[in-house]
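Spelled out, the chains give:
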Amino acid sequence: MSKINGGYFQFSPGFGEIQRNLETILRAIHRFEGHLLVFPELALSGYQFLSKDEVRELAEEIPAGSTIKALEEAVRGRDLHVVVGLAERDLDRLYNSAVLIGPRGYIGTYRKTHLFFEETLWFDPGDTGFLVWDIGKAKVGLLVCFDWFFPEAARSLAIKGADILCHPSNLVLPYCPDAMVTRCLENGVFAITANRVGREQRGEKPALPFIGMSEIVAPNGQILCRSSLKDEEVGLYAMDMAEARDKRINPYNDLLKDRRPEWYVM
């Protein structure tokens, strides 16, 4: 089974500075030497919005938006896939989304299912469901930030065949980095959590300090790499997909085959 060199780029987007943030992302893409690179949630716009009109102004159509075109151009022809979080505008609806882009261009969009805190004021709940794409070396599924809190999200992706959970995030609560150990262990998957660093404080709102600690976690729960709380960093690890596709716990138990969904509350 082939290995895939996957990683994340942890940085501090400037609020509303779409072009500057895009340039930072493009530089990271050009310098990256792996096969799969995950960026934070809302990496192009920043996070702490003051109004829905502000979201609408900073959001873009997918895949027609200019930043999508720039990302496509940066990846085109390379043995590389990228996952980037951004605000999406679809007619009168606004979504907290993540896109998957590969060597031939735009592949797909996931819209965040579980909105956190004031996101519920600005965004519509995602309507894509949990999606898995085959990128050749691996099958990847997308989550966005607070989706981690709901075990059904990661489990849905595992059942659909995901080897790697790509997880753009803007984490402010301290729980997720350690909780992803459990998400990987209970589903037998890798996870790449790309969080942001820095601090946002806009208007009269309390400041949001983001916790960093982006990480790559293995199917056995081992933390393969984890970044600092404050610094811009790249994480990279060679992940063996055989580890994610063998769901046997021992000669008698298989993580997914042993499920008994007829007894689970739905």
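First, a word on what this report is: a plain description of the structure on this page.

Calculation rules
- Residues numbered from 1 in each chain as written.
- Predicted model: local features only at pLDDT ≥ 70, side-chain atom pairs only at ≥ 80, totals over all residues.
- Heavy atoms only, no water.
- Patch = residues over 30% accessible without salt bridge, like charges linked within 9 Å, V, L, I, M, F, W, Y side chains within 5 Å.
- Areas by Shrake-Rupley, 256 points an atom, 1.4 Å probe, with all protein chains shown as cover.
- Salt bridge = Lys/Arg side-chain N within 4 Å of Asp/Glu carboxyl O.
- Helix = DSSP H or I, 4+ residues; strand = E, 2+ residues; numbered from the N terminus.
- Buried < 20%, exposed > 50% of the residue type's maximum accessible area, 1.4 Å probe, protein only.
- Polar contact = N/O pair within 3.5 Å; in protein donor to acceptor, adjacent residues only side chain to side chain.
- Contact = heavy atoms within 4.5 Å.
- Arc of directions from axis to C-beta.
- Phe/Tyr/Trp six-rings, centres within 6.5 Å; stacked < 30°, edge-to-face > 60°.
- Lys NZ or Arg CZ within 6 Å of the ring centre and 35° of its normal.
- Pairing = 2+ DSSP bridges.
- Axes fitted to C-alpha atoms, helices over the stretch in contact; angles between N-to-C directions.

**Some details on a nonpolar patch on the surface**
Next up, step 1: A cluster of nonpolar side chains, contributed by Phe149, Leu173 and Tyr175, occupies part of the molecular surface with about 290 Å² of accessible area.
Next up, step 2: Turning to its location among the elements, Leu173 is positioned in the loop between strand E8 (164-168) and helix H6 (176-187).

**Quick notes on the side chain of Arg183**
Next up, step 1: Within the secondary structure, Arg183 sits in helix H6.
Next up, step 2: The buried category is assigned to Arg183, whose relative accessible area is 11%.
Next up, step 3: At 3.0 Å, the side chain of Arg183 forms a polar contact with the backbone oxygen of Trp148.
Next up, step 4: Every residue in contact with Arg183, bar those within four places of it in the chain, is listed here: Trp148, Phe149, Pro151, Ala154 and Val189.

**Thoughts on the pattern of salt bridges**
Next up, step 1: The final tally for this structure, using the stated rule, is 20 salt bridges.
Next up, step 2: Across the pair Glu215 and Arg226 runs a salt bridge whose closest N-O atoms are separated by 2.8 Å. Of this pair, Glu215 sits in strand E12 (residues 215-217) while Arg226 sits in strand E13 (residues 223-226); the two residues are 11 residues apart in sequence, bridging distant segments of the chain.
Next up, step 3: Glu215 gets classed as buried once you look at its relative accessible area, which sits at 1%.
Next up, step 4: Several salt bridges converge on common partners, so that one network encompasses Glu88, Asp90, Arg111 and Asp127.

**Overview of helix H5 (residues 151-159)**
Next up, step 1: Buried residues of H5: Ala153, Ala154, Leu157 and Ala158, and no others. Looking straight down H5, one finds that the buried residues subtend no more than 130° of arc, so they occupy a single side.
Next up, step 2: Packing partners of the buried residues in H5 comprise strand E6 (132-134), strand E7 (139-142), E8 and H6.
Next up, step 3: Backbone geometry just after H5 places Gly161 at a positive phi near 105°.

**Digging into the packing of aromatic side chains**
Next up, step 1: Applying the stated criterion across every chain, the model contains 12 aromatic pairs.
Next up, step 2: Look at Phe49 and Phe123: their rings are 5.9 Å apart centre to centre, the planes differ by 80°, and that puts the pair in the edge-to-face class. Placement of the pair is Phe49 in the loop between strand E2 (36-38) and helix H2 (52-58) and Phe123 in the loop between helix H4 (119-122) and E6, with a sequence separation of 74 residues.
Next up, step 3: By relative accessible area, which is 4% here, Phe123 ends up buried.
Next up, step 4: Taking 5.3 Å as the distance between ring centres and 45° as the angle between the ring planes, the aromatic pair formed by Phe146 and Phe149 counts as tilted.
Next up, step 5: Taken together, the ring pairs in this structure connect Phe116, Phe117, Phe146, Trp148, Phe149 and Phe150 into an aromatic cluster.
Next up, step 6: Arg111 extends its terminal NZ or CZ atom over the ring of Tyr95, reaching a point 3.9 Å from the ring centre.
Next up, step 7: When the ring centre of Phe15 is taken as reference, the NZ or CZ atom of Arg202 above it lies at 3.8 Å.

**Side note on the sheet that holds E7**
Next up, step 1: Spatially, E6-E7-E8-E9-E12-E13 is the arrangement adopted by the six strands of the open sheet, whose pairing is mixed. What marks the edges here is a single partner per strand, and that holds for E6 and E13. Taking each pair of neighbouring strands and ignoring which way they run, the sheet shows an average axis angle of 15°.
Next up, step 2: Taken together, the three bridges between E12 and E13 define a ladder with antiparallel strand orientation. Bridging from a neighbouring strand, Ile216 pairs with Cys225 of E13.

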